[in-house]
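# Structure at a glance
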Amino acid sequence: EAEVAQSPRYKITEKSQAVAFWCDPISGHATLYWYRQILGQGPELLVQFQDESVVDDSQLPKDRFSAERLKGVDSTLKIQPAELGDSAMYLCASSEQGAGNSPLHFGNGTRLTVT
Amino acid sequence: QQQVKQSPQSLIVQKGGISIINCAYENTAFDYFPWYQQFPGKGPALLIAIRPDVSEKKEGRFTISFNKSAKQFSLHIMDSQPGDSATYFCAPPGSSNTGKLIFGQGTTLQVKP
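Residues numbered from 1 in each chain as written. Chains lettered and ligands numbered in written order. Predicted model: local features only at pLDDT ≥ 70, side-chain atom pairs only at ≥ 80, totals over all residues. Heavy atoms only, no water.

## Some details on the pairing of strand E8 (residues 75-79) of chain A
Residues and elements named next belong to chain A. Counted only if it meets this: The rule is simple: take the accessible area with a 1.4 Å probe, protein chains only, and divide by the maximum for that residue type; under 20% is buried, over 50% is exposed, in between is partly exposed. Strands are runs of DSSP state E lasting at least 2 residues, helices are runs of H or I lasting at least 4, and numbering of each runs from the N terminus. One requirement defines pairing of two strands: DSSP has to find at least two bridges between them.
Buried residues dominate E8, accounting for four of its five residues. By the bridge criterion, five bridges tie strand E3 (residues 19-24) to E8 in an arrangement that is antiparallel. In the strand pairing of E8, valine 19 is matched with isoleucine 79. Where strand E7 (residues 65-68) lies against E8, four bridges are found, and the strand directions are antiparallel. Bridging from a neighbouring strand, serine 66 pairs with lysine 78 of E8. In this structure, the hairpin formed by E7 and E8 is closed by a connection of six residues, where glycine 72 is found at a positive phi of approximately 70°.

## Quick look at unusual backbone geometry
Look at the link from serine 7 of chain A to proline 8 of chain A: it is a cis peptide, with omega at -5°. Note that the residue after serine 7 of chain B, namely proline 8 of chain B, is joined by a cis bond; omega there is -5°. Counting through the fold element by element, proline 8 of chain B comes out in the loop between strand E1 (5-7) and strand E2 (10-14). Here the phi dihedral of serine 16 of chain A falls at roughly 80°; this positive angle occurs in a residue that is not glycine. Along the chain, serine 16 of chain A turns up in the loop between strand E2 (10-13) and E3. Positive phi outside glycine occurs at aspartate 51 of chain A, with the angle close to 55°. Within the element layout of this structure, aspartate 51 of chain A appears in the loop between strand E5 (44-50) and strand E6 (53-56). The exposure class of aspartate 51 of chain A is partly exposed, given its relative accessible area of 35%.

If you want it as structure tokens, here you go:
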């Protein structure tokens, strides 16, 4: 079964440093999501792409976070500078249609620790 | 941000028992109400989903009950097994046309052998 690939699996960085995460969605999935999951909580949407266009980034802290999906396939999420409160699991998901009834397929995430 | 209220926060059930998790949501305009299952160190995975034109959907030991008027849907796990020990999230849609899901806070289920 096709999977969403994410790397790195774990990342430890110091406060004020830059960090980047990569996601390769399931082939053919036009919609890509980045979610952040703080330990003990549910995932929260950071940004949603339809092909290469941002559909929803209302919850993305744009002063320090950026995301791109230049060719409408893989995507990169960047944090600069990282803060202690950014420690969390960053999950990428993809879906075929991006419609309300299209299942999301999640990767296994990148666990970020900011020291 | 829409609110999704999930309960209980944690649940301990004996093997063979019934696990019940509830979810209350705000918006009734949508047509897809899923439950996701997450094991430690893994991303969430779709477990079962229901459309609001039916009141119940069963897949094996997992059943969703849907109450549109009360804006609630529940997950029932029959004959709970230790392998069902995981965190469960309801995730009703936050938008009608983007597929955005609003996840509940999660319910950690422990099934004791």
